[in-house]
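The primary structure of each chain is shown beneath.
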Amino acid sequence: MPVGTQATVKGLTQEALEELGTGIILANTYHLYLRPGHELVRELGGLHKFMSWPRAILTDSGGYQVFSLSELRKMTDEGVRFRSHLDGSEHLLTPEKAAEIQIALGSDITMVLDECIETPAPREKAEAALNRTTAWAKRARNHFLQQSSGNSNLPQWQFGIVQGATFADLRRQSARQLLELDFPGYAVGGLAVGEPHEVTCEMAGEVTALLPKDRPRYLMGVGRPEQLADYVALGIDMMDCVLPTRAARHACLYTSEGRVLIKNARYARDQRPIDPRCACSVCRRYSRAYLRHLFAAGELTAAILASHHNVHFYLDIMRQIREAIEFGNLANFSSDMHARYTAGPA
Ligand SMILES: [Zn+2]
């Protein structure tokens, strides 16, 4: 899922996202709640209509941004009190409020509010956050079911989020507790926040082993191109990451041969496309030399073209992963990607 923080994927229009074959995007509840406000979005017909995006939208709970962006956070069992990073206004985000905001936005998949903690975390802290996350998930589930019963306008789903930091038994405990709430899908949160890739995989594997096979499993906030197949191999179905668009704005292009840092002088006369094996509209039309010039000149088009290519590359990895699964060679695909990303571009 490309990330569309402010109801827009940075550098890409909805037309471009459709052309790229994007089926679902992620939008951030925290940002849309503060600006333009969920009631305004509701008034204008919901997020799909507001941003003219007919395909699926997943919204996060806002919790992660409260923890990472806002000031004066005060956690209680009731919720989290914070000051807006925009104007300093004070707000209280509760599990019920997070569900309500997402119901107003009208996203297809909504996430429960969870307690995010800094890692590495001591065990006691991770366990306390896990217990609070479960208690909040119960409240969010009840509130969501109450609100959505009898409202058949636009069916929305609500996913639970497994926490437990880097403790395998806490991860299992969190998963078991959430399973009792019978969510239509489950996310694994609080990973890929600085721990080694092997640990991310180990924790994700502990959780997916317990989750029902017929419900989507979503690993939040990952990952690098060469890591995607590893997560899929563990039973992960959904991922979101700002990396393809953020890296694009910083002139970092992902290709089948590794990363291309397009500002590098070696590309000044390079007439090849960003990735000779890429079928995206940017690679079919423009050269590395031109892209490099646009970045050097600080032109907006540089970020637009780079974002287009990178999102295409990520979506194409997912298409290749599906194909590899069908042909039974996901493990080969994965080791091949790791090799190319270790070796770097030719
Ligand atoms: Zn391309």
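Here's a quick rundown of the structure. (Residues numbered from 1 in each chain as written. Predicted model: local features only at pLDDT ≥ 70, side-chain atom pairs only at ≥ 80, totals over all residues. Heavy atoms only, no water.)

Around the zinc ion, the donor atoms from the protein are Cys278 (SG), Cys280 (SG), Cys283 (SG) and His309 (ND1), and they sit 2.1 to 2.3 Å away. Around the zinc ion, the four donor atoms sit at angles spanning 99 to 120°, and that spread fits a shape best called tetrahedral. Between consecutive donors of the zinc ion, the numbers of intervening residues give the motif C-x1-C-x2-C-x25-H. Here the residue Cys283 occupies a position in helix α12 (residues 281–285), and His309 occupies one in helix α14 (residues 300–327), the gap between them amounting to 26 residues. Neither residue differs from the other here; Cys283 and His309 are each classed as buried. (Donors = N, O, S within 2.8 Å, 3.2 Å for Na, K, Ca; no water. Tetrahedral: all angles 85-135°; square planar, octahedral: opposite > 155°, others 65-115°. Helix = DSSP H or I, 4+ residues; strand = E, 2+ residues; numbered from the N terminus. Buried < 20%, exposed > 50% of the residue type's maximum accessible area, 1.4 Å probe, protein only.)

So, on to the sheet that holds strand β3 (residues 71–75). Here we have three strands laid out as an open sheet, ordered β3-β4-β5, and antiparallel in their pairing. Two strands close off the open sheet at either side, each with one partner strand: β3 and β5 (90–93). Strand-to-strand, the axes of this sheet are offset by a mean angle of 15°, without reference to chain direction. (Pairing = 2+ DSSP bridges. Axes fitted to C-alpha atoms, helices over the stretch in contact; angles between N-to-C directions.)

Running from N to C, helix α8 (residues 168–179) and helix α9 (residues 197–208) point in directions that differ by 35°, and their axes come no closer than 9 Å. Considering only the axes of α8 and α9, their crossing is right-handed. Residues Ala168, Arg171, Arg172 and Ala175 of α8 lie in contact with α9, whose contacting residues are Met203, Glu206 and Val207. The class makeup of the residues in the contact of α8 with α9 is four nonpolar, no polar and three charged. (Left-handed = near helix turned anticlockwise from the far one by under 90°. Contact = heavy atoms within 4.5 Å. Nonpolar A, V, L, I, M, F, W, Y, C, P; charged D, E, K, R; others polar.)

Tracing the backbone shows Ala251 in the loop between α11 (243–249) and β11 (252–255). When the C-alpha positions of Ala251 and Ala296 are compared, they lie 9.7 Å apart, and in sequence the two are 45 residues distant. Not counting chain neighbours up to four residues away, the residues in contact with Ala251 comprise Val260, Leu261, Ile262, Lys263 and Phe295.

For the bond running from Arg35 to Pro36, omega is 10°, close enough to zero to count as cis. In this fold, Pro36 is placed in the loop between α2 (29–34) and α3 (38–43). Here the residue pair Val222 and Gly223 is connected by a cis peptide bond, since its omega of 5° sits within 30 degrees of zero. Inspection of the secondary structure puts Gly223 in the loop between β9 (217–219) and α10 (228–233). Look at Ala7: it is not a glycine, yet its phi comes out positive at around 60°. With respect to the element layout, Ala7 can be found in the segment before α1 (14–19). A positive phi angle, near 50°, is found at Ala165, a position not held by glycine. Note that Ala165 resides in the loop between β7 (157–162) and α8.

If you check helix α15 (residues 330–343), its first and last C-alpha atoms are 20 Å apart, about what 14 residues at 1.5 Å a residue would give, namely 20 Å. Along α15, the residues classified as buried are Leu330, Phe333, Ser334, Met337, Arg340 and Tyr341. The buried residues of α15 occupy an angular sector of 130° when the element is viewed end-on, so they sit on one face. For α15, exposure combined with an orientation more than 90 degrees from the buried face picks out Ala331, Asn332, Thr342 and Ala343. (Expected span 1.5 Å × (residues − 1). Arc of directions from axis to C-beta.)

Attention shifts here to the side chain of Gln102. Tracing the sequence through the fold places Gln102 in helix α6 (residues 95–105). Polar contacts involving the side chain of Gln102 include one to the side chain of Thr59, which spans 2.9 Å. Discounting chain neighbours no more than four positions away, the residues touching Gln102 are Thr29, Thr59, Asp60, Ser61, Ser107, Thr110, Met111 and Gln156. (Polar contact = N/O pair within 3.5 Å; in protein donor to acceptor, adjacent residues only side chain to side chain.)

The two faces of a sheet get side chains in turn, since along a regular strand they alternate between them. Burial along strand β8 (residues 185–188) is two-sided: the residues Gly185 and Ala187 and Tyr186 and Val188 are all buried. Of the strand pairs in this sheet, β7 and β8 are connected by four bridges, and their pairing is parallel. By the bridge assignment for β8, Val162 is matched with Val188. Taken together, β7, α8 and β8 form a β-α-β motif whose crossover is right-handed. Note: β8 against β9, three bridges, orientation parallel. (Right-handed = clockwise from strand over helix to strand, strands pointing away.)

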